[in-house]
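Structural features, examined
What follows is each chain in one-letter form.
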Amino acid sequence: MLEVEGLVAGYASAERILKGVSVHVEPGELVTLVGPNGAGKSTLLKVVSGLVPAREGHVRLGGADVTRQGAAERARAGFAFVMQERNVFGTLTVAENLELAWPGPSRQMAEERARMYGRYPVLAEKRRALARTLSGGQRQILAMAMALMTAPKMLLLDEPTAGLSPKATEELFEVVLGLRDLGLPILMVEQHALEALEVSSRGYVLVSGSNAAEGGGPDLAADPEIRRLFLGG
């Protein structure tokens, strides 16, 4: 579903944060990117989503090369990117956030929004609340529901559990696994690396903008050397 090959990218003209990174995500897979701070994990998601241009390499979605497309074109092609922060509109209600995310005819919006309420009852309960009043976990669920309103082919998640309590983290992992079980391919950067790898189809370890290791998620989580070097023991 997603093929990333030899990506080179950075934010300044002479900067190289990504130095030839390659990853792929098969249909229905949950794939997790892990590695130390500054490894380029979030930058990779921004390049894949079109927010940061690639200097070299290719990004393909379902076999179609989207490398030269901008973020809006990639969203229309099927990418949905849930950023770590500022991923909802705080001064709008939950209902208004979902409405704003809907890309189709207005007459069908209410039906799709109702589907989100059915899938995530907390959003139905909070539909009239301003998004800024939600808890951190509730905001992340809203952000994911907004992404789902676009019927994406590929979901990109950047540290969805950052700053959440252990209970909220566990609940959000359940939301992510529910999306995987629906068959939605997911590429995720996650700070709880061990927990994420243990439930992932595959994982990649990035170090200094390059591929350092790849394998089945549980296999990487159980590898003593990977744990010692990158996963905290």
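Below is a summary of the structure that appears in this document. Computed from a prediction, not measured in an experiment: that's the story for all the values here.

Some thoughts on the layout of surface pockets
Approximately 680 Å³ is the volume found for the largest pocket. Around the largest pocket, the lining comprises 27 residues; the ones closest to its centre are Ala 75, Ala 80, Phe 81, Ala 147 and Thr 150. Among the elements of the structure, α2 (71-77), β6 (79-82), α3 (94-101) and α6 (136-148) are those that each provide at least two residues to the lining of the largest pocket. Here the lining of the largest pocket takes six residues from α2, the largest share from any one element.

Some thoughts on the pairing of β6
Neither face of β6 is open: one carries Phe 79 and Phe 81, the other Ala 80 and Val 82, and all of them are buried. Where β6 and strand β7 (residues 154-158) come together, four bridges link them in parallel fashion. The residue bridging Phe 79 from the neighbouring strand is Met 154, located in β7.

A look at the packing of α3 against helix α4 (residues 106-119)
Orientation of α3 relative to α4, taken along the N-to-C sense of each, is 125°, at an axis distance of 10 Å. Our classification of the angle between α3 and α4 gives oblique. Taken as a pair, α3 and α4 cross one another with a handedness that is right-handed. Only Met 109, Arg 113, Met 116 and Tyr 117 of α4 make contact with α3, whose side of the interface consists of Val 94, Ala 95, Leu 98 and Glu 99. Classifying every residue of the contact of α3 with α4 by side-chain character gives six nonpolar, no polar and two charged.

Looking at the nonpolar core
Counting residues in each nonpolar core, the largest one holds 41 residues, and the members touching the most others are Leu 98, Tyr 120, Leu 123, Leu 142 and Leu 155. Elements with a contribution of two residues or more to this core: β6, α3, α4, α5 (121-125), α6, β7, α7 (166-181) and β8 (186-189). Element by element, the count of residues in this core is highest for α6, at eight residues. With sequence-adjacent residues up to four places away left out, Leu 155 is seen in contact with Ala 80, Val 82, Ala 147, Leu 179, Leu 184, Pro 185, Ile 186 and Leu 187.

Thresholds applied
Residues numbered from 1 in each chain as written. Predicted model: local features only at pLDDT ≥ 70, side-chain atom pairs only at ≥ 80, totals over all residues. Heavy atoms only, no water. 1 Å grid on protein atoms, 1.4 Å probe; cavity = no way out; pocket = protein on both sides within 12 Å on 5 of 7 lines; lining within 4 Å. Points joined across faces, edges and corners; volume = space filled by probe spheres on them. Helix = DSSP H or I, 4+ residues; strand = E, 2+ residues; numbered from the N terminus. Buried < 20%, exposed > 50% of the residue type's maximum accessible area, 1.4 Å probe, protein only. Pairing = 2+ DSSP bridges. Axes fitted to C-alpha atoms, helices over the stretch in contact; angles between N-to-C directions. Parallel < 35°, antiparallel > 145°, perpendicular 65-115°, else oblique. Left-handed = near helix turned anticlockwise from the far one by under 90°. Contact = heavy atoms within 4.5 Å. Nonpolar A, V, L, I, M, F, W, Y, C, P; charged D, E, K, R; others polar. Core = buried A, V, L, I, M, F, W, Y, C linked by side-chain atoms within 4.5 Å.

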